Amino acid sequence: MTAWILLLLMLGCAWLCFDASGLKAPLGDEHPNTKEGNSRMVVEGVYAPFGPGVLAWIFLLMTILLGVLTVREFLA
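The notes below deal with the structure included here. (Residues numbered from 1 in each chain as written. Predicted model: local features only at pLDDT ≥ 70, side-chain atom pairs only at ≥ 80, totals over all residues. Heavy atoms only, no water.)

1. Considering the overall build of the protein
Helix and strand counts for the protein come out as three helices and zero strands. Ordered by position from the N terminus, the helices and strands of the protein form the series α-α-α. Within the protein, buried positions represent 20% of all 76 residues. Contacts in the protein between residues far apart in sequence, at least 24 positions, make up 67% of those at least 6 positions apart. When the accessible surface of the protein is split by element, carbon and sulfur atoms take 74% of a total near 5,900 Å². (Helix = DSSP H or I, 4+ residues; strand = E, 2+ residues; numbered from the N terminus. Buried < 20%, exposed > 50% of the residue type's maximum accessible area, 1.4 Å probe, protein only. Contact = heavy atoms within 4.5 Å. Areas by Shrake-Rupley, 256 points an atom, 1.4 Å probe, with all protein chains shown as cover.)

2. Focus on the state of the cysteines
Scanning all chains against the criterion turns up zero disulfides. Cys-13 takes part in no disulfide bond, and the closest cysteine sulfur to it belongs to Cys-17, at a distance of 8.9 Å. Judged by relative accessible area, Cys-13 falls into the buried class, the value being 8%. For Cys-17, a relative accessible area of 14% puts it in the buried group. (Disulfide = S-S within 2.5 Å.)

3. Some points on the packing of aromatic side chains
Under the criterion given, the structure shown has one aromatic pair. Taken together, a centroid distance of 5.1 Å and an interplanar angle of 90° make the contact between Trp-4 and Phe-74 edge-to-face. Here Trp-4, found in helix 1 (residues 2-20), pairs with Phe-74, found in helix 3 (residues 54-75); they are 70 residues apart in sequence, far enough to count as distant. (Phe/Tyr/Trp six-rings, centres within 6.5 Å; stacked < 30°, edge-to-face > 60°.)

4. A look at helix 3
When the terminal C-alpha atoms of helix 3 are compared, their 32 Å separation across 22 residues agrees well with the 32 Å that a helix rising 1.5 Å per residue should span. Along helix 3, the residues that are buried comprise Ala-56, Phe-59, Thr-63, Leu-66, Gly-67 and Thr-70. The buried residues of helix 3 occupy an angular sector of 115° when projected down its axis, which confines them to one face. Exposed positions of helix 3 whose direction lies more than 90 degrees from the buried face are Leu-61, Leu-65, Arg-72 and Leu-75. (Expected span 1.5 Å × (residues − 1). Arc of directions from axis to C-beta.)

The structure is reproduced here in structure tokens:
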């Protein structure tokens, strides 16, 4: 039973990783002179070199971890 739950969680994280890799927010902002606009540009500027985005990387790591746990559970 646990192996099937892990498999479903892994598939869900894989789908979220695929979905999050398509998120590409523009670096410009409508109101860059506001406090929120400046902080958004700083955050997007910092995370831009990582490619698809930090969220996609987090879901990729979770998918790999759940994949390993799922295989170990099915083999046990």
